[in-house]
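Given next are the chains, with one letter for each unit.
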Amino acid sequence: MEIAVLCAVVGCVRVLPSRSQFFRYESVTLSCEGNSSEWRVQRNTSKQTNELCPSPSQRNDSKCSLTELYPLDSGVYWCESAAGERSNRVNITVTDGPLILESPGHPVREGEHVTLHCKASSFVSNLTHFYKNGVLVGTSSTGNFSIRRVSRSDEGLYKCNVSGVGESPETWLAVRGHSPQTPTAPLTHVLLPVVAGCLLLMLLMLLCLWRNHKGRKDCAVSYTDVTIAEERKPQRITDVGAVPILYSQVIPDDSWQGENQHYC
């Protein structure tokens, strides 16, 4: 990300594969990236200075592809714009020797992890010794030397040596300080609380709606739980024929009849 930002602002040269040492007949591609389409790859070698790479007769100025490297291709490569702006520089070393030291082809940032790999043109099984500025700094059976959390003190010239095989050319490990905070960081600090507040407000609104809906549902009366009893009106005698009549026999009393007759 930091390299991409740097390329967008001032331009840079990329190396693929990302290393600075190569065996004879290997291939490498260098390309320019930046804010202009007029960047071109240039180089200084033991043969020429300020020459375009590759030769003008087959050039694609913003890209340099060397399919077969030779020791004469060793030198300094960079990108240059039509206005005279120059990018970072990279050193390319091509050797006929038995060993090369694979290291990052660009400066590394403080705090990053770096692994140097001692590569042989043929298989070797002996221990590999790593040197910084001519002083032994590590020994490995795998051919790798790792530097955890690189600092400025790790900057220097490195090489590897295998007993009975030989040693690699030296390569410079460049270390840069921590990158400054990008301009977009303050905007991020402002937007994050705003987005979080909006999400919290939406969550509260959904919670209120859910509670209101639940309350209405609990207050509703289900007709399956209600039994309506049939209302009975008090029975009134409106039809004499509808009421059963009880008859009883009246036995006349002779004495009572006589008295009544006498009275009359």
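Reading guide: rules and limits
Residues numbered from 1 in each chain as written. Predicted model: local features only at pLDDT ≥ 70, side-chain atom pairs only at ≥ 80, totals over all residues. Heavy atoms only, no water. Core = buried A, V, L, I, M, F, W, Y, C linked by side-chain atoms within 4.5 Å. Buried < 20%, exposed > 50% of the residue type's maximum accessible area, 1.4 Å probe, protein only. Disulfide = S-S within 2.5 Å. Helix = DSSP H or I, 4+ residues; strand = E, 2+ residues; numbered from the N terminus. Pairing = 2+ DSSP bridges. Salt bridge = Lys/Arg side-chain N within 4 Å of Asp/Glu carboxyl O. Axes fitted to C-alpha atoms, helices over the stretch in contact; angles between N-to-C directions. Phe/Tyr/Trp six-rings, centres within 6.5 Å; stacked < 30°, edge-to-face > 60°. Lys NZ or Arg CZ within 6 Å of the ring centre and 35° of its normal.

1. Quick look at the nonpolar core
As a rule of thumb, nonpolar side chains are buried together in soluble globular proteins.
Phase 1: Counting 17 residues, the largest nonpolar core has V15, V28, L30, V41, L66 and Y77 as its most contacted members.
Phase 2: Ranked by size, the runner-up nonpolar core spans 15 residues in total, among them L99, C118, V162 and L173.

2. Let's talk about the state of the cysteines
Phase 1: Summed over all chains, the structure comprises 3 disulfides.
Phase 2: Between the sulfur of C53 and that of C64 lies a disulfide, 1.8 Å long from S to S. Highlighted residues: C53 in the loop between β5 (51–52) and β6 (63–66) and C64 in strand β6, separated in sequence by 11 residues.
Phase 3: You can call C53 buried: its relative accessible area is 2%.
Phase 4: Taking the relative accessible area as the measure of exposure, C64 reaches 0% and is therefore buried.
Phase 5: For C118, the disulfide goes to C160, at an S-S distance of 2.1 Å. Every disulfide takes its handedness from the sign of the S-S torsion; for C118 and C160 that torsion is 70 degrees, giving right-handed. With C118 in strand β11 (residues 114–120) and C160 in strand β15 (residues 156–162), this residue pair connects regions lying 42 residues apart in the sequence.
Phase 6: On the accessibility criterion, C160 (0% relative accessible area) is buried.

3. Some details on the sheet that holds β5
Phase 1: With mixed pairing, the 5 strands of this open sheet are ordered in space as β2-β8-β7-β4-β5. This sheet does not close on itself; its edge strands, each paired only once, are β2 (21–23) and β5.
Phase 2: As paired strands, strand β4 (residues 40–45) and strand β7 (residues 75–80) are joined by 6 bridges and run antiparallel to one another. Residue R43 lies in a different strand from β7, and its bridge partner there is Y77.

4. Let's talk about the pattern of salt bridges
Phase 1: Tallied over the full model, the rule gives 10 salt bridges.
Phase 2: Between R86 and E80 there is a salt bridge; the shortest N-O distance is 3.2 Å.
Phase 3: Given a relative accessible area of 42%, R86 falls into the partly exposed group.
Phase 4: Across the pair K159 and E167 runs a salt bridge, and its minimum N-O distance is 3.5 Å.
Phase 5: On the accessibility criterion, K159 (17% relative accessible area) is buried.
Phase 6: A residue is classified by how much of its surface remains accessible, and E167, at 39% relative accessible area, is partly exposed.
Phase 7: Residues joined by salt bridges that share partners form a network here, namely R19, E26, E102 and K119.

5. Details of unusual backbone geometry
Phase 1: In this structure, the amide linkage connecting L16 to the following residue, P17, adopts the cis form with an omega of 0 degrees.
Phase 2: Tracing the backbone shows P17 in the loop between β1 (12–16) and β2.
Phase 3: Not every positive phi belongs to a glycine, and Y25 is a case in point at roughly 80 degrees.
Phase 4: Relative accessible area serves as the criterion here: at 52%, Y25 is assigned to the exposed category.
Phase 5: Residue R149 is not a glycine yet carries a positive backbone phi of 50 degrees.
Phase 6: Residue position: R149 is located in the loop between β14 (144–147) and β15.

6. A short note on the pairing of strand β13 (residues 135–140)
Phase 1: Where strand β12 (residues 128–132) lies against β13, 5 bridges are found, and the strand directions are antiparallel. The partner of H129 across the bridge, within β13, is T139.
Phase 2: Linkage of β12 to β13, two consecutive antiparallel strands, is achieved through a turn of 2 residues, within which N133 is found at a positive phi near 50 degrees.

7. Here we look at the sheet that holds β11
Phase 1: On the basis of which strands lie adjacent, the open sheet formed by 3 strands has the order β9-β11-β14 and antiparallel pairing. The outermost strands of the open sheet, each flanked by one partner alone, are β9 (99–102) and β14. This sheet shows a mean twist of 15 degrees between the axes of neighbouring strands, independent of strand direction.
Phase 2: The pairing of β11 with β14 spans 4 bridges and is antiparallel. Each residue of the ladder has a partner; that of V114, found in β14, is I147.

8. Section: the packing of aromatic side chains
Phase 1: Per the counting criterion, the structure on display carries 2 aromatic pairs.
Phase 2: A centroid spacing of 5.3 Å and a plane angle of 25 degrees characterise the contact between F130 and F145, whose relative ring orientation is stacked. Here the residue F130 occupies a position in strand β12, and F145 occupies one in strand β14, the gap between them amounting to 15 residues. Both residues of the pair, F130 and F145, count as buried.
Phase 3: In this structure, K159 is placed above the aromatic ring of Y131, and the distance from its NZ or CZ to the ring centre is 5.8 Å.

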